[in-house]
Amino acid sequence: PTQRLVFGLVGNLFGLSVVLIVKIIIMQIIRFSHYKAFYRTKPLSANIVNIAMECYAIGISIWFMLVRTIKIVIVAALYLGRTDTPLFSAGVGIFGPLEIDNWPTVARKEILIHEAHRRK
């Protein structure tokens, strides 16, 4: 049973890696062939590519929201009987080296980075 789970996970990660690498390569090719500095040398095809990338971003954001929802449901199920800890407090969802939902930590780091480099 574990082997099937790991093969599924590795297959999904491999598929995601291939999609992202292909996207990066295609975007580099389009960037060099359709743009010169800040100017579009081929405006029509550059606009079509921009629309396609917006559609891609919408699809990725929907996938991200679904995955994050599943992670929050898992954390909530694991902390169902815990009345001493609020669900979204610091440290909830961290089990040893495994952090199920790491976006609160990422958001906190981003806030600290921007506050540390803010000009007064």
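1. Some details on the environment of aspartate 101
Point 1. Structurally, aspartate 101 can be placed in the loop between strand S4 (98–99) and helix H3 (103–116).
Point 2. In sequence terms aspartate 101 and threonine 69 are 32 residues apart; their C-alpha atoms lie 9.7 Å from each other.
Point 3. With sequence-adjacent residues up to four places away left out, aspartate 101 is seen in contact with Arg68, Lys71 and Ile72.

2. Notes on the packing of helix H1 (residues 2–34) against helix H2 (residues 43–78)
Point 1. Close contact between H1 and H2 brings their axes to 11 Å; oriented N to C, the two are set at 160°. When the interaxial angle is binned, H1 and H2 end up roughly antiparallel. The interaxial crossing formed by H1 with H2 has left-handed handedness. Taken together, the residues of H2 that come into contact with H1 (itself represented by Val19, Leu20, Lys23, Met27, Ile30 and His34) are Ser45, Ala46, Val49, Met53 and Tyr56.
Point 2. Considering only residue class, the contact of H1 with H2 consists of eight nonpolar, two polar and one charged.

3. Things to note about the layout of surface pockets
Point 1. Size it by volume and the largest pocket reaches roughly 290 Å³.
Point 2. Lining the largest pocket, in full, are Leu9, Asn12, Leu13, Leu16, Ile60, Trp63 and Val67.
Point 3. Secondary structure elements with two or more residues in the lining of the largest pocket: H1 and H2.
Point 4. No other element matches the four residues that H1 contributes to the lining of the largest pocket.
Point 5. Among the residues making up the lining of the largest pocket, the classes are represented as six nonpolar, one polar and no charged.

4. Section: H1
Point 1. Over its 33 residues, H1 runs 47 Å from end to end, which matches the ideal 48 Å to within 8%, given 1.5 Å per residue.
Point 2. The complete set of buried residues in H1 reads Met27, Ile30 and His34.

5. Looking at a nonpolar patch on the surface
Point 1. Residues Ile58, Ile62, Trp63, Phe64, Met65, Leu66 and Trp103 make up a contiguous nonpolar surface patch of about 750 Å² in total accessible area.
Point 2. Ranked by residues supplied to the nonpolar patch, first place goes to H2 with six residues.
Point 3. Checked against the element boundaries, methionine 65 lands in helix H2.

6. Thoughts on H2
Point 1. Over its 36 residues, H2 extends 52 Å from the first C-alpha to the last, a length consistent with the 52 Å expected when each residue adds 1.5 Å.
Point 2. Taken residue by residue, H2 has Ala46, Val49 and Val75 as its buried positions.
Point 3. As for H2, its buried residues are in contact with H1, strand S1 (35–36) and strand S2 (39–40).

7. Observations concerning the environment of isoleucine 60
Point 1. With respect to the helices and strands, the residue isoleucine 60 is situated in helix H2.
Point 2. Looking at isoleucine 60, the relative accessible area reads 37%, which means it is partly exposed.
Point 3. Each C-alpha atom, one on isoleucine 60 and one on leucine 20, is 11 Å from the other, the two residues being 40 residues apart in sequence.

Reading the values: rules and limits
- Residues numbered from 1 in each chain as written.
- Predicted model: local features only at pLDDT ≥ 70, side-chain atom pairs only at ≥ 80, totals over all residues.
- Heavy atoms only, no water.
- Helix = DSSP H or I, 4+ residues; strand = E, 2+ residues; numbered from the N terminus.
- Contact = heavy atoms within 4.5 Å.
- Axes fitted to C-alpha atoms, helices over the stretch in contact; angles between N-to-C directions.
- Parallel < 35°, antiparallel > 145°, perpendicular 65-115°, else oblique.
- Left-handed = near helix turned anticlockwise from the far one by under 90°.
- Nonpolar A, V, L, I, M, F, W, Y, C, P; charged D, E, K, R; others polar.
- 1 Å grid on protein atoms, 1.4 Å probe; cavity = no way out; pocket = protein on both sides within 12 Å on 5 of 7 lines; lining within 4 Å.
- Points joined across faces, edges and corners; volume = space filled by probe spheres on them.
- Expected span 1.5 Å × (residues − 1).
- Buried < 20%, exposed > 50% of the residue type's maximum accessible area, 1.4 Å probe, protein only.
- Patch = residues over 30% accessible without salt bridge, like charges linked within 9 Å, V, L, I, M, F, W, Y side chains within 5 Å.
- Areas by Shrake-Rupley, 256 points an atom, 1.4 Å probe, with all protein chains shown as cover.
- Salt bridge = Lys/Arg side-chain N within 4 Å of Asp/Glu carboxyl O.

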